[in-house]
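Observations on chain architecture
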Amino acid sequence: MKPISLIIFLSFLLGCSKSSTTYVNNPNAPDYLHNSPVGASANDLLAATKYSSLKIEVQYMTGFQPDAGALNHLQSLLTGLLNKPAGISIVTKEIPASGNINLSVNDIISIEKNNRTAFTNGTELAVYILFTNGNYTDNNVLGIAYKNTSAVLFGKKINDNSGGIGQASRTKLVATVVEHEIGHLLGLVDLGSAMQTGHKDATHGSHCNNNNCLMYYASETSDIFGFLITGNIPSFDTNCKADLTANGGK
């Protein structure tokens, strides 16, 4: 996947990329459970056929604890979208800060390999989300989904541009970024959840062509910060929701 942003006013808000690097992060589980392309576990995440519960492990580097309101919003969103009758839980854990100012996908994969503790087991599916103390190698990117159950948010970039006087709400910004990346894990757009109606952005790929949708890609602009001061957290549009429902979601 190419780097992505969301919404027309979001130039550099979000990015998604795919790495071919492989690793076994749990010797007791098949590697494919956590080492497949983004979107490969979309049906497992959405439906209750194989997994009736979901655990989201959120690890954050010292000084970059994720906003609690944003995580509550994420849990509420997923409860309304996923068929997980045994529940959805979010657990958080602090890990040491990285010495690297700029992190590549391979750096992020190494951090996950050394720190992740929640893995798919039995009827519980696990997702890993990392909040770093540094930036991505592309300084305009705030988050990427890089494996079928893995995503990262670049905490420094987010913190530097939210929560202060005249800045976007930290809750809104974090929720927007993390929910966009989760959208890709859920197979949007056309990454594992087939389109029920054509709505893929032909220019930017793997994104919705609706400029009011959470999964929309936009060219560079800093207007997102001003928008989130007064606007709401973006949501999935009708077409994206229809894709999720058709692939096992509510």
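Residues numbered from 1 in each chain as written. Predicted model: local features only at pLDDT ≥ 70, side-chain atom pairs only at ≥ 80, totals over all residues. Heavy atoms only, no water.

1. Thoughts on the side chain of Ser 36
- Positionally, Ser 36 belongs in the segment before helix 1 (42–46).
- With sequence-adjacent residues up to four places away left out, Ser 36 is seen in contact with Lys 147 and Asn 148. (Helix = DSSP H or I, 4+ residues; strand = E, 2+ residues; numbered from the N terminus. Contact = heavy atoms within 4.5 Å.)

2. Points about the confidence of the model for the protein chain
- Mean pLDDT for the protein chain: 84, with 82% of residues reaching 70 or above.
- Note that residues 1–24 has pLDDT below 50 and, in this model, 125 contacts with residues that lie over four places away or in other chains.
- With pLDDT under 50 throughout, residues 219–225 is counted as low confidence; its partners more than four residues away or in other chains account for 20 contacts. (pLDDT = per-residue confidence, 0-100.)

3. Here's the deal with the pattern of salt bridges
- Summed over all chains, the structure comprises three salt bridges.
- Ionic pairing is found between Lys 50 and Asp 44, a salt bridge with its closest N-O pair at 3.9 Å.
- Asp 160 is paired through a salt bridge with Lys 156; the nearest N and O atoms lie 2.8 Å apart. Taken together, the residues Asp 160 and Lys 156, both in helix 4 (residues 155–160) and four residues apart, mark about one turn of the helix. (Salt bridge = Lys/Arg side-chain N within 4 Å of Asp/Glu carboxyl O.)

4. Focus on the pairing of strand 1 (residues 53–61)
- Within strand 1, eight of the nine residues are buried, which leaves the element mostly enclosed by the surrounding structure.
- Across nine bridges, the pairing between strand 1 and strand 2 (residues 87–95) is parallel. Following the sheet pairing, Ser 53 is matched in strand 2 by Gly 87.
- As a crossover connection, the stretch from strand 1 through helix 2 (residues 68–81) into strand 2 is right-handed.
- Relative to strand 4 (residues 124–132), strand 1 is paired through eight bridges, and the arrangement is parallel. Note on strand 4: the bridge partner recorded for Tyr 60 is Phe 131. (Buried < 20%, exposed > 50% of the residue type's maximum accessible area, 1.4 Å probe, protein only. Pairing = 2+ DSSP bridges. Right-handed = clockwise from strand over helix to strand, strands pointing away.)

5. Quick word on the sheet that holds strand 4
- Judged by pairing direction, the sheet is mixed, and its five strands sit side by side in the order 2-1-4-7-6 without closing on themselves. Whereas interior strands pair on both sides, the edge strands pair on one side only; in this sheet they are strand 2 and strand 6 (143–147). Neighbouring strand axes in the sheet, compared pairwise and without regard to direction, differ in orientation by 20 degrees on average.
- In the packing of helix 2 onto the sheet, contacts are made with strand 1, strand 2 and strand 4, and the angle to strand 2 comes to roughly 155 degrees. (Axes fitted to C-alpha atoms, helices over the stretch in contact; angles between N-to-C directions.)

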